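In case you want the letters, here they are:
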There are 2 protein chains.
Amino acid sequence: MRDVAVIGIGQTKIDEHWDLSLKELAGNAIFAAMADAETQQVDSLYVGNMMSGSANKQQHLGSYIADWVGMRYHEGLRIEAACSSGAAAFRSAVMAVASGEVSSAIAVGVEKMTDSPISEITSDLATAADADYESDMGTSFVALNALIMQRYIFEYGWKHTDFANFSINAHANAMHNPYARFHNKITVDDFLKAHIVADPINIMDASPVGDGAAAAIIVPLEQLNNSRKKRIRVAGSAASTDAIAIHNRKDPLWLFAAEKSSKAAYNQSGFTPADIDVFELHDAFTIMATLSLEACGFAERGQGPRLALDNEITPTGRIPIATRGGLKARGHPVGATGMYQIVEVVQQLRGEAGQTQVPDARVGMTQNIGGSGSNIITHILVREP
Amino acid sequence: MRDVAVIGIGQTKIDEHWDLSLKELAGNAIFAAMADAETQQVDSLYVGNMMSGSANKQQHLGSYIADWVGMRYHEGLRIEAACSSGAAAFRSAVMAVASGEVSSAIAVGVEKMTDSPISEITSDLATAADADYESDMGTSFVALNALIMQRYIFEYGWKHTDFANFSINAHANAMHNPYARFHNKITVDDFLKAHIVADPINIMDASPVGDGAAAAIIVPLEQLNNSRKKRIRVAGSAASTDAIAIHNRKDPLWLFAAEKSSKAAYNQSGFTPADIDVFELHDAFTIMATLSLEACGFAERGQGPRLALDNEITPTGRIPIATRGGLKARGHPVGATGMYQIVEVVQQLRGEAGQTQVPDARVGMTQNIGGSGSNIITHILVREP
């Protein structure tokens, strides 16, 4: 396999985009990525999306979007892995270019959720869980995460307030990201007073849905050798599944798929957790941020909240996360989220992250989680000299 | 890229499987493929499926099926390209192994359609068309194909009866395929007397929905060098999109995406239409079989029906199609169909096609069509000495 690099990135603001269709959202991110890459010639298109078939009555997004962005007759496929669909599309694009099968590829993640009633979106989100044993029993996706968080707090003796800094950091960082859904700072008091969704998860533990799209263009690394562009190489790409139903897992408080895919990405790249300058993780809920930090080697088992309490997760901390707002405050248009993570890490590695720039960031990691931990995809990107 | 080969195939009968869940269907095909390959160790899983999110309230099939078949912690993704999702999954598996990223891969196509009311399935199928300009106007998928067939008959002066042999051949061949949905011979009279669905398409022009799964295991070709197994190499793999809405295409009577992807597969493999011994095409409707034969170089423009009238499409004809029943009589569980085509061509190239064996078949082609021609994926397989 040949080395590949990200040559262009683009994104839309995450919002309620009543005036934009699904293809316009995706197109706006793709056109921005093309402008950034200074090219309109791309070979193949990989679309990450979870729920357009139900929420927008439109599947077949490969063809639907390819034509809209001027890629008629090119390959166009949709990749779905629930909430990790975005990273799955990126991985498909990386593999296609790395294999030599295609000369360049666009990965775009897109989701348009606010057209549907929220009750339907709740049902759609539940299709990421096990229909036989979880969602058909009436368990919502928040409820599944609440069960995990209840048990975590019980096992390791934390208090709910110990998770507050995950949200406070995310909201503080989103203030400086024009593409973020929320631009409001929050305090510990706001966190504690927030409405409960499913005990102990309140709306400050939980990320918001929304409409949005983010895209990246991948080319062989050598194509950037004589360019003035910063060379952001994809140094690691790995995916792992786990049992889809939580009760079937070996341990509901340990993300085996995060451990497995991050270890594979560390091995591929030659980096260790100590080398990671910035980590865009999947803080769909504060408990997921915690578990991700532990499984990827940044905290001991049961000690994830300590990093937040010690302010080690801010842009100047030991392991900066949610530097552009994360799922919590940038927003979580589910199938698009993995691509927002890629775009944001590229911003960091290029030094384009403005007031939340991680000083001299050179190695970045993304981790996109599908379901309640059953499909986890990890990427490591590095700025080449 | 390294050469890859199909080492194992498996399939379920296409039927109304009230006693099998989605994962059991997929599992049965996968277990059969594993038995055929004499291995249970496979690296990655790629699932082709169109509508499980709505029809079965279950997305996230990569994780859902990986766990069921003993592949927990392995990569598992779903690929969707409407009715060509099966071929898209196969192409993803081929690319993953060819790239060297994974050592072996399973592609499985699965669809479980009979659990949902047929009105909902009709709506689900319409998500393969353009929601903005086609399906939202009330056009069903059959209606779109009927418009194409009306125009084709008008432009080229054929009669409806001239398409009869496409169905007659399919039903005759399915008689000898235990996995086929239908086991009844039909006559010209049956074809002409069949109920109209959307004029001129009647139920003998149209393929039936159903529940089914088909799978194939892909490994590096060299792994078969010292094996007693027949070496079925993937010699060509190509995908092309076209405008999703028919009115946006340059010519509604020409499958540009079929032309483009077949030409690319011919170029990759070094074969020409004259070399193809068997062609499992996408006869979702008789008009689509016609257009596919023309776009792939087996008939002149407007002359596809001539091949059927002259009996050149039977197993002993010039270009055998639907040799195991095709979409018309083997059945069309949409996201699974592309994988049935692969399985059937492998059967032909191995000489395992029984009474519908194409004599000494060495080179086989499959073509899976998504939407009304907007996503077309072509594969060429060859039996190595």
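A quick note: this is a predicted structure, and the numbers were derived from the prediction, not measured.

What counts and what doesn't
Residues numbered from 1 in each chain as written. Chains lettered and ligands numbered in written order. Predicted model: local features only at pLDDT ≥ 70, side-chain atom pairs only at ≥ 80, totals over all residues. Heavy atoms only, no water. Contact = heavy atoms within 4.5 Å. Salt bridge = Lys/Arg side-chain N within 4 Å of Asp/Glu carboxyl O. Polar contact = N/O pair within 3.5 Å; in protein donor to acceptor, adjacent residues only side chain to side chain. Helix = DSSP H or I, 4+ residues; strand = E, 2+ residues; numbered from the N terminus. Nonpolar A, V, L, I, M, F, W, Y, C, P; charged D, E, K, R; others polar. 1 Å grid on protein atoms, 1.4 Å probe; cavity = no way out; pocket = protein on both sides within 12 Å on 5 of 7 lines; lining within 4 Å. Points joined across faces, edges and corners; volume = space filled by probe spheres on them. Least-squares fit on C-alpha atoms with pLDDT ≥ 70 in both. Axes fitted to C-alpha atoms, helices over the stretch in contact; angles between N-to-C directions. Parallel < 35°, antiparallel > 145°, perpendicular 65-115°, else oblique. Left-handed = near helix turned anticlockwise from the far one by under 90°. Buried < 20%, exposed > 50% of the residue type's maximum accessible area, 1.4 Å probe, protein only. Core = buried A, V, L, I, M, F, W, Y, C linked by side-chain atoms within 4.5 Å. pLDDT = per-residue confidence, 0-100. Pairing = 2+ DSSP bridges.

Enquirer: With reference to specific residues and values, describe the interface of chain A and chain B.
Expert: Listed by partner, the interface residues are 60 residues for chain A and 60 residues for chain B. For the interface between chain A and chain B, the tally reads eight salt bridges. Salt-bridge contacts for A:Arg91 lead to B:Glu75; the nearest nitrogen and oxygen are separated by 2.7 Å. For the interface between chain A and chain B, the tally reads 40 residue pairs in polar contact (both at pLDDT 80 or more). Mapped by element, the contributors of at least two residues to the side of chain A that touches chain B are α3 (61-68), β3 (75-80), α4 (85-99), β8 (232-241), α9 (256-269) and β11 (375-383) of chain A. Residues of the side of chain A that touches chain B, tallied by class, amount to 25 nonpolar, 20 polar and 15 charged.

Enquirer: Describe the layout of surface pockets, and please don't skip the residues or the numbers.
Expert: Of the volumes computed, that of the largest pocket is approximately 530 Å³. Looking at the largest pocket, it is lined by 22 residues, and the ones nearest its centre are B:Val142, B:Ala206, B:Ser207, B:Pro208 and B:Val209. Listed by contribution, the elements that provide at least two residues to the lining of the largest pocket are α5 (118-126) and α6 (141-156) of chain B. Among the elements that make up the lining of the largest pocket, the one with the highest residue count is α5(B) (four residues). Split by residue class, the lining of the largest pocket holds 16 nonpolar, four polar and two charged. By volume, the second largest pocket amounts to about 450 Å³. Lining the second largest pocket are 27 residues, and of these A:Val142, A:Ala206, A:Ser207, A:Val209 and A:Phe285 lie nearest its centre. For the lining of the second largest pocket, the secondary structure elements donating two or more residues are α5 (118-126) and α6 (141-156) of chain A. In terms of residue count, α5(A) provides more of the lining of the second largest pocket than any other element does, four residues in total.

Enquirer: I'd love a proper account of the relation of the copies chain A and chain B, names of residues and values included.
Expert: Laying chain A over chain B is done by rotating through 180° and shifting 0.0 Å along the axis; what remains is an RMSD of 0.0 Å. This pairing of chains is accounted for by a two-fold axis. Both copies present the same face, since 100% of the interface residues in chain A are matched by interface residues at the equivalent positions in chain B.

Enquirer: Tell me about the side chain of A:His332, residues and numbers included.
Expert: Residue position: A:His332 is located in the loop between α12 (326-330) and α13 (334-350). Leave out the neighbours within four places in its chain, and A:His332 touches A:Cys83, A:Met113, A:Ser207, A:Pro208, A:Val209, A:Gly210, A:His282, A:Ala284, A:Leu327 and A:Thr337.

Enquirer: Just give me the short version of the packing of α4(A) against helix α4 (residues 85-99) of chain B, but keep the residues and values in it.
Expert: Across the interface, α4(A) lies against α4(B) with an axial gap of 9 Å and an inter-helix angle of 50°. Between α4(A) and α4(B), the angle is such that the two are oblique. As α4(A) runs across α4(B), the sense of the crossing is left-handed. Residue-level inspection shows A:Met95, A:Ala96 and A:Ser99 of α4(A) in contact with α4(B), the latter providing B:Met95, B:Ala96 and B:Ser99. Here the contact of α4(A) with α4(B) is composed, by residue class, of four nonpolar, two polar and no charged.

Enquirer: Give a detailed account of the pattern of salt bridges, specifying residues and quantitative values.
Expert: Residue and element names in this part refer to chain A. A full pass over the atoms with the stated rule returns 40 salt bridges over all chains. Notably, a salt bridge pairs Asp310 with Arg306, separated by 3.5 Å at the nearest N-O pair. On the accessibility criterion, Asp310 (42% relative accessible area) is partly exposed. Three or more residues are tied together by salt bridges with common partners; here these are Asp36, Arg350 and Glu352.

Enquirer: How would you sum up the nonpolar core? Please name residues and give values.
Expert: Counting 80 residues, the largest nonpolar core has A:Tyr46, A:Phe90, B:Tyr46 and B:Phe90 as the members making the most contacts within it. Among residues more than four places away in sequence, those in contact with B:Tyr46 are A:Met95, B:Glu75, B:Leu77, B:Ile79, B:Ala89, B:Ser92, B:Ala93, B:Ala96, B:Ala105, B:Ile106, B:Ala107 and B:Val108. Core analysis: the next-biggest nonpolar cluster, separate from the first, contains 74 residues, A:Ala82, A:Ala265, A:Leu307 and B:Tyr73 among them.

Enquirer: How would you sum up unusual backbone geometry? Please name residues and give values.
Expert: Between A:Asp199 and the following residue, A:Pro200, the backbone shows a cis peptide bond with an omega angle of 10°. Of note, A:Pro200 is situated in the loop between β5 (196-198) and β6 (201-202). Phi is positive for B:Ala82, which is not a glycine, with a value near 50°. Tracing the backbone through its elements, the reader meets B:Ala82 in the loop between β3 (75-80) and α4.

Enquirer: How would you sum up empty space enclosed by the protein? Please name residues and give values.
Expert: If you walk through the whole model with that rule in mind, you get four cavities of 30 Å³ or more. When its volume is computed, the largest cavity comes out at roughly 110 Å³. Forming the walls of the largest cavity are A:Tyr46, A:Leu77, A:Ile79, A:Ser92, A:Met95, B:Tyr46, B:Ser92, B:Met95 and B:Ala96. Secondary structure elements with two or more residues in the lining of the largest cavity: β3 and α4 of chain A together with α4 of chain B. A per-class count over the lining of the largest cavity returns seven nonpolar, two polar and no charged. For the second largest cavity, the calculated volume is near 60 Å³. Forming the walls of the second largest cavity are A:Met50, A:Met51, A:Ser52, A:Gly53, A:Ser54, A:Gln59, A:Arg78, B:Met50, B:Met51, B:Gly53, B:Ser54 and B:Gln59. Counting residues per element, the lining of the second largest cavity draws most heavily on helix α2 (residues 52-55) of chain A, at three residues. Here the residues of the lining of the second largest cavity sort into four nonpolar, seven polar and one charged.

Enquirer: I'd like a rundown of the packing of α4(A) against α13(A), residues and numbers included.
Expert: All names here are of chain A. Where α4 meets α13, the closest approach of the two axes is 5 Å, and the angle between their N-to-C directions is 60°. What the angle tells us is that α4 and α13 run oblique. Each of Ser85, Gly86, Ala87 and Phe90 in α4 lies in contact with α13, whose residues at this interface are Gly335, Gly338, Met339 and Ile342. Residues that form the contact of α4 with α13 fall into these classes: four nonpolar, four polar and no charged.

Enquirer: Report on the environment of B:Asp275, specifying residues and quantitative values.
Expert: Inspection of the secondary structure assignment puts B:Asp275 in the loop between α9 (256-269) and β9 (278-280). A polar contact is formed between the side chain of B:Asp275 and the backbone nitrogen of B:Thr272, at a distance of 2.8 Å.

Enquirer: Could you give an account of the confidence of the model for chain A, naming the residues involved and the relevant values?
Expert: With 100% of its residues at a pLDDT of at least 70, chain A reaches an overall mean of 97. What the predictor reports for the complex is a pTM of 0.97 with an ipTM of 0.96.

Enquirer: Give me the pairing of β11(A): which residues, what numbers.
Expert: Residue and element names in this part refer to chain A. The element β11 is largely enclosed, with a buried count of eight among its nine residues. Here nine bridges tie β8 to β11, and the two strands are oriented antiparallel to one another. Opposite Arg233, over in β11, you have Val382 as the bridge partner. What sits between the antiparallel neighbours strand β10 (residues 363-370) and β11 is a turn of four residues, in which Gly371 has the positive phi angle 65°.

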